[in-house]
Amino acid sequence: MALNIYAFASGVNKANYDKLKIGMTYAQVVEIFGREGEVIGGKSENGVRTDWYRWTAKPEDRQPETAYAEAMFQNDQLVMLGQSKLK
């Protein structure tokens, strides 16, 4: 049985944000944060699908109320990420 290294401390927080690496898939990021992101944008152009997601901290994440992480994926590969107020 494979051990899932991400399942033990999921949530939107700085420690999990720091696990994100360029090239990860959306599913890998969801696994780290423990939930789906909110779609905040997307488009298809010249055969490239670009999607933007936001993970807003919830009370169980024990983060500042306005903390969030954002990520951009192109063809399901993480290409850009950012965060605000994560601890």
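Residues numbered from 1 in each chain as written. Predicted model: local features only at pLDDT ≥ 70, side-chain atom pairs only at ≥ 80, totals over all residues. Heavy atoms only, no water.

Visitor: Would you explain the overall build of the protein chain in this entry?
Guide: What the protein chain contains, in helices and strands, is two helices and four strands. For the protein chain, the N- to C-terminal ordering of α and β elements is α-α-β-β-β-β. Considering only contacts in the protein chain between residues 6 or more positions apart, those separated by 24 or more positions represent 37%. In the structure as shown, the protein chain presents an accessible area of about 5,500 Å², 53% of it carried by carbon and sulfur atoms. (Helix = DSSP H or I, 4+ residues; strand = E, 2+ residues; numbered from the N terminus. Contact = heavy atoms within 4.5 Å. Areas by Shrake-Rupley, 256 points an atom, 1.4 Å probe, with all protein chains shown as cover.)

Visitor: Would you explain the sheet that holds strand β4 (residues 77–84) in this entry?
Guide: Picture the strands of a sheet paired through backbone hydrogen bonds; they go either parallel or antiparallel. Strand order in the open sheet made by the four strands is β1-β2-β3-β4, with antiparallel pairing throughout. The sheet terminates laterally at β1 (38–45) and β4, the two strands that pair on one side only. Neighbour-to-neighbour, the strand axes of this sheet turn through a mean angle of 15°, independent of strand direction. Bridge count for β1 against strand β2 (residues 48–56) is seven bridges, and the pairing is antiparallel. Bridge pairing in β2 links Glu-38 to Arg-54. (Pairing = 2+ DSSP bridges. Axes fitted to C-alpha atoms, helices over the stretch in contact; angles between N-to-C directions.)

Visitor: Looking at this structure, how should I read the environment of Tyr-17?
Guide: The topology assignment puts Tyr-17 in helix α1 (residues 14–17). Considering only alpha carbons, one finds Tyr-17 and Phe-33, 16 residues apart in sequence, at a separation of 8.0 Å. Setting aside anything within four residues of it in sequence, one finds Tyr-17 in contact with Phe-33, Ala-69, Leu-81, Gly-82, Gln-83 and Leu-86.

Visitor: Would you mind going over the pattern of salt bridges with me for this structure?
Guide: Opposite charge on two side chains lets them pair, provided their charged atoms get close. Applying the stated criterion across every chain, the model contains five salt bridges. Here Lys-14 and Asp-18 are joined by a salt bridge, their closest N and O atoms 2.8 Å apart. Taking the relative accessible area as the measure of exposure, Lys-14 reaches 29% and is therefore partly exposed. You can call Asp-18 partly exposed: its relative accessible area is 40%. Here Arg-54 and Glu-70 are joined by a salt bridge, their closest N and O atoms 2.3 Å apart. (Salt bridge = Lys/Arg side-chain N within 4 Å of Asp/Glu carboxyl O. Buried < 20%, exposed > 50% of the residue type's maximum accessible area, 1.4 Å probe, protein only.)

Visitor: Please explain the side chain of Arg-35 as it appears in this structure.
Guide: Here Arg-35 lies in the loop between α2 (26–33) and β1. Once residues within four sequence positions are removed from consideration, Arg-35 is found in contact with Val-12, Val-30, Trp-55, Thr-56, Ala-57, Lys-58, Glu-60 and Asp-61.

Visitor: Where do I start with the nonpolar core in this structure?
Guide: Across soluble globular proteins, you tend to see nonpolar side chains buried next to one another. Within the largest apolar cluster, 18 residues are counted, with the highest numbers of intra-cluster contacts made by Leu-20, Val-29, Phe-33, Trp-55, Phe-73 and Leu-78. The leading source of residues in this core is α2, at five residues. If we skip the residues at most four places from it in the chain, Phe-33 touches Ser-10, Gly-11, Val-12, Asn-13, Asn-16, Tyr-17, Leu-20, Trp-55 and Ala-69. (Core = buried A, V, L, I, M, F, W, Y, C linked by side-chain atoms within 4.5 Å.)

Visitor: What exactly am I supposed to notice about unusual backbone geometry here?
Guide: Most of the time, phi is negative for any residue but glycine, and the peptide bond is trans. Within the chain, Arg-62 stands out as a residue other than glycine whose phi angle is a positive 55°. Looking at the secondary structure, you find Arg-62 in the loop between β2 and β3 (68–74). A positive phi is found at Asp-76, a non-glycine position, where the angle reads about 65°.

The values are spatial; any link to function lies outside them.
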